[in-house]
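Per-entry structural report
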Amino acid sequence: MESFSSEIHQGLQHTSESVFVGLCEIVGTSQQVAIRRETQDINEMVENRLITNDNLIRMMSGSRREGFRLKGSDIDTMYWFNDHRVIMDMSQAEYYNTPNTILILSDSSESPPGFTLLQLLTPTTTDAPTTTDMFVYLARVRMKNRVYISNSFYRQIACLLGHDNATVHGPCGSANVGGQEYDNAYCFVCDFWPPSASSWIDRCHSWPDPEVVDDIVRNGCHFVAIGHPFGPHENEEWRVSFSLAEYKLVYSMNHCQFLTYGLLKLFLKEVLNQQSEETNKLLCSYHMKTTVFWAIQQNTLPHWCPQNLLAGFWVCFKLLLKWVYKGICPNFFIPQNNMFLTKVHGSAQNRLFLQLHELYKKGLACLLQSSSIRSYIIDVLYNPRLSICTDESMIRSEVYYDTELVEGSFVYDHYIVANRNLCGFTKAIHTLEELVHTPLSHYQVVTLQHYTASVLKSTAFALQNMYTNTGVNKQMYIADKQSCHMLKLAAKFGCISDMLYIAMYYYKTLRYREALSVIEMTKVKLAQPYLMYHGHVDRERYTEAVGRQSWSTKIRQAVALDIRLNRKICYISELIPEQKRAVLRYTAFLQIPVFVMLHFLEFLCYRHIDTALSLAALDELQVLVHHDQGRYVCNISRDISWEILGICHQITGNLQAALYSYQQSLTQYPFHCIHTATQRRIQDIVR
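Residues numbered from 1 in each chain as written. Predicted model: local features only at pLDDT ≥ 70, side-chain atom pairs only at ≥ 80, totals over all residues. Heavy atoms only, no water.

**Thoughts on the overall build of the chain**
Across its full length, the chain carries 29 helices and 15 strands. Computed over the C-alpha atoms, the radius of gyration of the chain is 28 Å, within 12% of the 26 Å expected from 2.2 N^0.38 for a compact globule of 687 residues. When the backbone C-alpha atoms are referred to their principal axes, the chain occupies close to 85 × 75 × 50 Å. Long-range pairs, those at least 24 residues apart, make up 71% of the contacts in the chain between residues at least 6 apart in sequence. (Helix = DSSP H or I, 4+ residues; strand = E, 2+ residues; numbered from the N terminus. Rg over C-alpha atoms; globule rule 2.2 N^0.38 Å. Contact = heavy atoms within 4.5 Å.)

The following block contains the structure:
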């Protein structure tokens, strides 16, 4: 009997190892997750040191911040004004220089646990408030002879300032941009830990470590714009948000705990939410995260390791089942806040419990209903002696991590250079220089390297624009030398596509042959079979060509990115209408596919040298834009790509082809909002 039990135990551990490997492939290895987190951390560190004039701070939250990249997940971002501060009691006001700070008092005396009213202490007396206090000014309500901030008014104002198709979703303004869902929450920050969550500190004996607890408490909390539907002031109350604390807790998990959390998210999406339409919205990812938090802290599983992954999942599932039975899901920080109170009750609660109990009776076999996980379980069931290696270095090769680093490090630089002038770029360079001397991981150094290249490129064009037409030849000469030096320096430790900024500069300064020489060199590099672009790469050839080499070598020889043009800087005069007339609410740049820009520049330069070669470049551009299936021209860049093709046709005098291209541009997803410029170009043709 003992032998039989031992075999079952070993079989369970073996299956757990198989699922662990599968989750590493679906969710990511610990190294992949570290890349995602560390690159996001350094991005926010840089950005928030370069606070805009509006004092607006941005923090990514939710599953993406935690390190997940699961298909269909929203991108959650929190925004708050740095000169607005919530305090818990009046004694805390002494910590702030009140003339420069808008103070808000949390008043939870009449609110359910986890919710509060926000009383405005700093009076807004002006009839023309600044941008920083505009939200508060418009969201004021008077109750009990005091001024409070209405969550519903505040949320609607934030929605209006977001994307055109934004709708209210919980405390957020939600919008779909290029097929990706974005949830933006405008909130308030508090530097103090809420008294209602003091019991959490006392519970942290075994997890997380004291250093993590201190860090979490020291960083306080946020208040998001949504009230309790059963509370006395639903439209005025605000919910206490522990998003910052939560991602720090997730960071402190070991990888098996993190993958257990990932398995619960997959189980929710692929099994629980497929049970019936009546119950598929009752549970959410936040409930799954809460079960993992409680399970880890209560030490219900002594060892969270690959062999125990399914045991960890089962502990969490049973805890969830117990909560549904009782109709109580205690918030991890404020247990008195029952997160089931508004949805999981009455007949809905009974139906959900019965469905969960049916799954419970099946045991771990219920995971066979998960389309993502099923094969990893079946493989072991059919082949119990299957050799499984849980060594993460064997699960993922070097090229996967390089792809992750490119996608993680190089997507945020537009926040760093957006809407800055020459003075702003100088500040950005100093900020990056300061950060170099702080403790950074390898991935963060690589990210800073990319940011530095982005700032240098923007600075070079901003400097040239400043001294153009000044009439002072010496100043123009010095500025030109400095701009060329910065662009060449950026290309030295930047990627292949950074060379095209040099070509753009040469074209802008009428050095067409020099520009074409750079274009030819770029063309050769872009033609290499090991090129990494848009997440596509021939892994075998990439490894053969640059495997085990330094990151600087890899990026310079094998990586290309889209060309991003800051809307406030003139790079190519032919694109000025698109930059000026773009209604860019959520992008501060034009994102042009590297191959589109290559052929565009080649066409423009050859117009001054060789008409036949110019038309040949136009033919290549036309084939690319007309026939590409998303490999080189992604969906969000198709509007600007058709626009550029139309500009080229219009320059050659082929107005019919230009008109067709502009009309195609108008039918694409309007990521760049250039429709006003496109319509103006169409009017110029049809007059």
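Having seen the structure, we can now continue with the description.
**Some thoughts on the packing of aromatic side chains**
Under the definition given, this model contains 31 aromatic pairs. Look at Phe 68 and Tyr 261: their rings are 5.0 Å apart centre to centre, the planes differ by 90°, and that puts the pair in the edge-to-face class. Taken as a pair, Phe 68 in the loop between helix 3 (62-66) and strand 2 (75-81) and Tyr 261 in helix 9 (residues 255-270) lie far apart in primary sequence, 193 residues in all. Of the two residues, Phe 68 and Tyr 261, neither departs from the other in class, the shared state being buried. Taking 5.1 Å as the distance between ring centres and 55° as the angle between the ring planes, the aromatic pair formed by Tyr 247 and Tyr 251 counts as tilted. (Phe/Tyr/Trp six-rings, centres within 6.5 Å; stacked < 30°, edge-to-face > 60°. Buried < 20%, exposed > 50% of the residue type's maximum accessible area, 1.4 Å probe, protein only.)

**Remarks on the sheet that holds strand 2**
Strand order in the open sheet formed by five strands is 1-2-10-9-8, with mixed pairing between adjacent strands. In the strand order of this sheet, the two ends are held by strand 1 (56-61) and strand 8 (167-169), each with one partner. Taking the axes of each pair of neighbouring strands and ignoring which way they run, one obtains an average angle of 35° across the sheet. The sheet contact formed by strand 9 (residues 172-177) and strand 10 (residues 180-186) spans five bridges and is antiparallel. When the sheet's bridge partners are listed, Asn 176 is paired in strand 10 with Glu 181. (Pairing = 2+ DSSP bridges. Axes fitted to C-alpha atoms, helices over the stretch in contact; angles between N-to-C directions.)

**Looking at the pairing of strand 4 (residues 102-107)**
Counted residue by residue, strand 4 has six buried out of six residues, so it is predominantly covered. Side chains of strand 4 alternate between two faces, with Ile 102, Ile 104 and Ser 106 and Leu 103, Leu 105 and Asp 107 buried alike. Sheet topology note: the strand 3 (residues 84-87)/strand 4 ladder contains four bridges and is parallel. Within strand 4, the position partnered with Arg 85 by the bridge is Leu 103. Where strand 4 meets strand 5 (residues 115-120), four bridges bridge the pair, whose relative direction is antiparallel. Along strand 5, the bridge assignment pairs Ser 106 with Leu 118.

**What to know about the nonpolar core**
Considering soluble globular proteins, one finds that nonpolar side chains tend to be buried as a cluster. Within the largest apolar cluster, 101 residues are counted, with the highest numbers of intra-cluster contacts made by Tyr 154 and Phe 333. What Tyr 154 contacts, discounting residues up to four positions off in sequence, is Phe 81, Phe 135, Val 136, Ala 139, Ile 149, Tyr 186, Cys 187, Phe 188 and Trp 238. In terms of nonpolar packing, the next biggest core, distinct from the first, is built from 81 residues, Tyr 501, Val 596, Cys 605 and Val 633 among them. (Core = buried A, V, L, I, M, F, W, Y, C linked by side-chain atoms within 4.5 Å.)

**Quick word on the pattern of salt bridges**
Using the criterion set out here, one finds 22 salt bridges in the structure. Measuring nitrogen to oxygen at the nearest pair gives 3.9 Å for the salt bridge that ties Asp 538 to Arg 541. With relative accessibility at 44%, the residue Arg 541 sits in the partly exposed group. Three or more residues are tied together by salt bridges with common partners; here these are Asp 41, Glu 44 and Arg 65. (Salt bridge = Lys/Arg side-chain N within 4 Å of Asp/Glu carboxyl O.)

**Focus on the packing of helix 18 (residues 442-467) against helix 19 (residues 473-493)**
Running from amino to carboxyl end, helix 18 crosses helix 19 at an angle of 160°, the nearest separation of the two axes being 8 Å. Put simply, helix 18 runs roughly antiparallel to helix 19. When you trace helix 18 past helix 19, the crossing you get is left-handed. Of helix 19, the residues touching helix 18 (which contributes Gln 449, Thr 452, Ala 453, Leu 456, Lys 457, Thr 459, Ala 460, Phe 461, Leu 463, Gln 464 and Tyr 467) are Gln 475, Met 476, Ala 479, Gln 482, Ser 483, Met 486, Leu 487, Leu 489, Ala 490 and Phe 493. (Parallel < 35°, antiparallel > 145°, perpendicular 65-115°, else oblique. Left-handed = near helix turned anticlockwise from the far one by under 90°.)

**Some remarks on the confidence of the model for the chain**
Close inspection of predicted coordinates is inappropriate in any region flagged by low pLDDT. Taken residue by residue, the chain gives an average pLDDT of 90. The fraction at 70 or more is 93%. In this model residues 1-5 is a low-confidence stretch, pLDDT under 50, and it forms zero contacts with partners more than four residues away in sequence or in other chains. (pLDDT = per-residue confidence, 0-100.)

**Structural notes on the packing of helix 9 against helix 10 (residues 285-297)**
Taken N-terminus to C-terminus, the directions of helix 9 and helix 10 make an angle of 145°; their axes are 9 Å apart at the nearest point. The two elements helix 9 and helix 10 cross, and the hand of that crossing is right-handed. Residues Gln 257, Tyr 261, Leu 264, Lys 265 and Leu 268 of helix 9 form the contact with helix 10, whose own contacting residues are Ser 285, Met 288, Lys 289, Thr 291, Val 292 and Ile 296. Residue classes in the contact of helix 9 with helix 10 are distributed as six nonpolar, three polar and two charged. (Nonpolar A, V, L, I, M, F, W, Y, C, P; charged D, E, K, R; others polar.)

**Considering the environment of His 450**
Relative to the assigned elements, His 450 resides in helix 18. Remark: the alpha-carbon pair of His 450 and Gly 114, spanning 336 residues in sequence, is separated by 41 Å.

**Things to note about helix 10**
In this model, helix 10 (13 residues) spans 19 Å end to end at C-alpha, consistent with the 18 Å of a helix rising 1.5 Å per residue. In terms of residue burial, helix 10 counts as a mostly covered element, since 11 of its 13 residues are buried. Where helix 10 is buried, its residues contact helix 3, helix 6 (198-203), helix 8 (243-251), helix 9 and helix 11 (309-326). (Expected span 1.5 Å × (residues − 1).)

**Considering the environment of Phe 115**
Within the secondary structure, Phe 115 sits in strand 5. Separated by 231 residues in the primary sequence, Phe 115 and Gly 346 have C-alpha atoms spaced 23 Å apart. When sequence neighbours within four positions are dropped, the list of residues in contact with Phe 115 reads Ser 108, Ile 226, Gly 227, His 228, Glu 237, Trp 238, Arg 239, Val 240 and Asn 337.

**A few points about the environment of Lys 289**
With respect to the helices, strands and loops of the structure, Lys 289 is situated in helix 10. With relative accessibility at 6%, the residue Lys 289 sits in the buried group. Sequence-wise, Lys 289 and Thr 260 are 29 residues apart; in three dimensions their C-alpha atoms are separated by 9.7 Å.

**Observations regarding the state of the cysteines**
Inspection of the entire model under this criterion finds zero disulfides. Of all cysteine sulfurs, the one in Cys 221 lies closest to Cys 190, which takes part in no disulfide; the gap is 4.5 Å. Classification of Cys 190 as buried rests on a relative accessible area of 0%. (Disulfide = S-S within 2.5 Å.)

**Concerning the side chain of Asn 308**
With respect to the helices, strands and loops of the structure, Asn 308 is situated in the loop between helix 10 and helix 11. By relative accessible area, Asn 308 is classed as buried at 16%. Apart from residues lying up to four places away in sequence, Asn 308 is in contact with Gln 13, Ser 16, Leu 301 and His 303.

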